[in-house]
Amino acid sequence: MCGRYQFSADEYKEIRQIVRDAQRRSEGNELNFPMAGDICPSQVALVLVSRGEKIVGEFQQWGLPGFRGRQQIINARAETVTEKPMFRRSIAFQRCVIPATGFYEWDAAKHKYFFPNAGTADLLSGHL
């Protein structure tokens, strides 16, 4: 389960343009969305969504409302997601793509590991 991911538009011209287009269409809250950095649960994230015949970038908050006040649900197990009432409709009809250059995981000893995508595999490997 991904608890944090890395986003960088610096090396991808198309992603930079998607961010700028989304910023132009946004309400102004995401004008300072970083072109690079770590994205954590509950933060605003750039997502790619289908709008008619087009794929566009939009800013959305990462997470679903939880059961207790400010708690947020940020992910689900792929093996059981279709069985859970909370995720059933979303997984069937409301998917999006999240551009990322890698993601982080932690082991039982709380060591942080970075998993880069194939294009950034030579930048970092192993735990940080």
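Residues numbered from 1 in each chain as written. Predicted model: local features only at pLDDT ≥ 70, side-chain atom pairs only at ≥ 80, totals over all residues. Heavy atoms only, no water.

**Q** Can you walk me through the sheet that holds strand S2 (residues 36-39) in this structure?
**A** For sheets, the rule is that strands pair by backbone hydrogen bonds, running either parallel or antiparallel. Pairing is antiparallel across the open sheet formed by 4 strands, whose spatial order is S2-S1-S7-S8. The sheet terminates laterally at S2 and strand S8 (112-116), the two strands that pair on one side only. Across the sheet, the mean angle separating the axes of adjacent strands is 20 degrees when strand polarity is ignored. Sheet analysis places strand S7 (residues 102-106) next to S8, joined by 5 bridges and oriented antiparallel. Opposite Gly102, over in S8, you have Pro116 as the bridge partner. (Pairing = 2+ DSSP bridges. Helix = DSSP H or I, 4+ residues; strand = E, 2+ residues; numbered from the N terminus. Axes fitted to C-alpha atoms, helices over the stretch in contact; angles between N-to-C directions.)

**Q** What am I meant to see in the layout of surface pockets here?
**A** A probe matching the size of a water molecule, rolled over the atoms, marks out where space remains unfilled. The space that makes up the largest pocket amounts to roughly 1100 Å³. Lining the largest pocket are 28 residues, with Trp62, Ile74, Gln94, Cys96 and Ile98 positioned closest to its centre. Residue contributions to the lining of the largest pocket peak at 5 residues, all from strand S3 (residues 44-51). Here the residues of the lining of the largest pocket are counted per class, giving 19 nonpolar, 7 polar and 2 charged. (1 Å grid on protein atoms, 1.4 Å probe; cavity = no way out; pocket = protein on both sides within 12 Å on 5 of 7 lines; lining within 4 Å. Points joined across faces, edges and corners; volume = space filled by probe spheres on them. Nonpolar A, V, L, I, M, F, W, Y, C, P; charged D, E, K, R; others polar.)

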